[in-house]
Amino acid sequence: MADFQDILNYTIMRKRMSQFEEELKLNRESPRSLKEVVKEFISFTKGVLREINDVSFREVMGKQLRIAKRLLMTINLRWVLIFLYKRVVTSLVNALLSLINTAINQIKL
């Protein structure tokens, strides 16, 4: 049974994940801004992973973390991947957005 503190934590986490979703959408075109958002998301996700006990939700959060790390690496290597950059970043951002949306939908109060 979830107590008030759990409900409050889920509400805060859901709101922050929704903010990340919006920030990712808004900063797609700017590598510098996107990099900062992804770094914040990685930090947030690592903190959340330490607190999660639900196996399926933990799995979704782990996938988000892996994709976010790939996205950060891609941003850092964008000069090497200049021809593939746009396609790879768009694909990774869409995958991350999809997983964030999945996580938001899994949070039940």
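None of the values given here were measured: they were computed from a predicted structure. (Residues numbered from 1 in each chain as written. Predicted model: local features only at pLDDT ≥ 70, side-chain atom pairs only at ≥ 80, totals over all residues. Heavy atoms only, no water.)

Asker: Please clarify how the overall build of the chain should be interpreted in this entry.
Answerer: Counting its regular elements, the chain contains 4 helices and 0 strands. In the chain, the succession of helices and strands from N to C terminus is α-α-α-α. In terms of overall dimensions, the chain is globule-like: its C-alpha atoms have a radius of gyration of 15 Å, near the 13 Å expected for 109 residues. Buried positions account for 36% of the 109 residues belonging to the chain. For the chain, long-range pairs separated by at least 24 residues make up 65% of all intrachain contacts whose partners lie at least 6 apart in sequence. A total of about 7100 Å² of accessible surface is found on the chain, and carbon and sulfur atoms cover 55% of it. Across the chain, 19 positive and 11 negative side-chain charges occur, with their mean positions spaced 8 Å apart. (Helix = DSSP H or I, 4+ residues; strand = E, 2+ residues; numbered from the N terminus. Rg over C-alpha atoms; globule rule 2.2 N^0.38 Å. Buried < 20%, exposed > 50% of the residue type's maximum accessible area, 1.4 Å probe, protein only. Contact = heavy atoms within 4.5 Å. Areas by Shrake-Rupley, 256 points an atom, 1.4 Å probe, with all protein chains shown as cover. Lys, Arg positive; Asp, Glu negative; His and termini not counted. Charge placed at Lys NZ, Arg CZ, Asp CG, Glu CD.)

Asker: Would you mind going over the packing of aromatic side chains with me for this structure?
Answerer: For any two aromatic rings, the description comes down to two numbers: the centre-to-centre distance and the angle of the planes. Considering all chains together, one arrives at 2 aromatic pairs under this definition. Centroid distance F20 to F41: 5.2 Å. Interplanar angle 85°. Geometry classified as edge-to-face. In this pair, F20 sits in helix α1 (residues 4-26) while F41 sits in helix α2 (residues 31-51), placing the two residues 21 residues apart along the sequence. Three or more aromatic residues joined by ring pairs make a cluster, and in this case those are F20, F41 and F44. Against the face of F20 rests R16, its NZ or CZ located 3.8 Å from the ring centre. (Phe/Tyr/Trp six-rings, centres within 6.5 Å; stacked < 30°, edge-to-face > 60°. Lys NZ or Arg CZ within 6 Å of the ring centre and 35° of its normal.)

Asker: Please clarify how the environment of K86 should be interpreted in this entry.
Answerer: Mapping K86 onto the fold places it in helix α4 (residues 85-106). Separated by 57 residues in sequence, K86 and E29 have C-alpha atoms that sit 8.9 Å apart. In this structure the side chain of K86 is engaged in a polar contact, spanning 2.8 Å, whose partner is the side chain of E29. (Polar contact = N/O pair within 3.5 Å; in protein donor to acceptor, adjacent residues only side chain to side chain.)

Asker: Would you mind going over a nonpolar patch on the surface with me for this structure?
Answerer: Together, W79, I82, F83 and L84 make up a nonpolar patch on the protein surface, roughly 560 Å² of accessible area in all. Here I82 lies in the loop between α3 (55-76) and α4. For I82, a relative accessible area of 43% translates into the label partly exposed. (Patch = residues over 30% accessible without salt bridge, like charges linked within 9 Å, V, L, I, M, F, W, Y side chains within 5 Å. Salt bridge = Lys/Arg side-chain N within 4 Å of Asp/Glu carboxyl O.)

Asker: Please clarify how the nonpolar core should be interpreted in this entry.
Answerer: Side chains of nonpolar character tend, in soluble globular proteins, to be buried together. If you look at the biggest cluster of nonpolar residues, it comprises 33 residues, and the most contacted ones within it are M17, L24, V38, M61, L71 and L96. If one sorts the elements of this core by residue count, α4 sits on top with 10 residues. With residues up to four places along the chain from it excluded, the contact list for L71 reads V38, V89, L92, V93 and L96. (Core = buried A, V, L, I, M, F, W, Y, C linked by side-chain atoms within 4.5 Å.)

Purely spatial values, then, with no claim about function.
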